[in-house]
Structures are given as structure tokens and as C-alpha cells.
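# Analysis of the macromolecular model
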Amino acid sequence: MSEITENAQQPSAERGRPKTRTGIVLSNKMTKTVVVQVERRMKHGQYGKYLTEKKKYKAHDEKQECNPGDKVRIAETRPMSKEKRWRVAEIIEKATEI
């Protein structure tokens, strides 16, 4: 019986590490939101040809520091809106200005 009370007082199960992706910022026209394109190379199962799969994520940018062309790392987080489930973890490389 004492085992049950000891386990009940321990903090809830630890959360795992959030998923992270690295991509390029396409747009920052929304308030505190950026659109990040993540590219993934994969080999076709039957033919063996390498394909590039591109996917767009909406990420939360609290400080509004990201600009189009920046290379960023995004991390999975709680749902912030209907489509926004990622946040900008860090800006890896700023875009070169012409």
C-alpha cells in the first residue's frame, strides 16, 4: 500500500525531447509566425532514385527576428493555433542581404 502513495507523489512521467527540424524561412508576413520549408532526401523504395520531399511548417517566432532566407531550427511544441505546432528554437544562419 505504501508503494502506491510513494508513486503518486512523484512528478508525472518525463516528457521526451521535442522533435526538431532545420529549414529555410519562406515568409514572415504574419504576426509572430513564420513559414519554414524543410527539405528531406529519401530513397525511392523500388527504383532507388533519391527524391527531395519539401514540407512547410508554420512556426511561432515570439521576437519576430526571422526574415525570409534565414536558416532556422524549429522544435515541436503545444498547439498555439489551428495550424501552428512548432516554434523557432534558434536562428542558425541569417540570410545575406543584397
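So, here's what we can say about the structure. This one's a predicted model, so the numbers in the text were calculated from it and none came from an experiment.

Right, let's talk about the pattern of salt bridges for a bit. Tallied over the entire structure, the rule returns five salt bridges. When the shortest N-O distance is used, the salt bridge between Lys32 and Glu62 registers 3.0 Å. You can see Lys32 sitting in the loop between strand E1 (20-30) and strand E2 (33-43) and its partner Glu62 sitting in the loop between strand E3 (50-60) and strand E4 (71-76), a full 30 residues away along the chain. Given a relative accessible area of 31%, Lys32 falls into the partly exposed group. With a relative accessible area of 46%, Glu62 lands in the partly exposed category. Two residues, Glu53 and Arg40, come together in a salt bridge whose shortest N-O distance is 3.3 Å. Here Glu53, found in strand E3, pairs with Arg40, found in strand E2; they are 13 residues apart in sequence, far enough to count as distant. For Glu53, a relative accessible area of 36% gives the class partly exposed.

Right, let's talk about the environment of Glu65 for a bit. Inspection of the secondary structure assignment puts Glu65 in the loop between E3 and E4. In this structure the C-alpha to C-alpha distance between Glu65 and Asn28, which are 37 residues apart in sequence, comes to 9.2 Å. In this view, Glu65 contacts Asp70, Ile91 and Lys94; residues no more than four positions away in its chain are not counted.

Analysis parameters
- Residues numbered from 1 in each chain as written.
- Predicted model: local features only at pLDDT ≥ 70, side-chain atom pairs only at ≥ 80, totals over all residues.
- Heavy atoms only, no water.
- Salt bridge = Lys/Arg side-chain N within 4 Å of Asp/Glu carboxyl O.
- Helix = DSSP H or I, 4+ residues; strand = E, 2+ residues; numbered from the N terminus.
- Buried < 20%, exposed > 50% of the residue type's maximum accessible area, 1.4 Å probe, protein only.
- Contact = heavy atoms within 4.5 Å.

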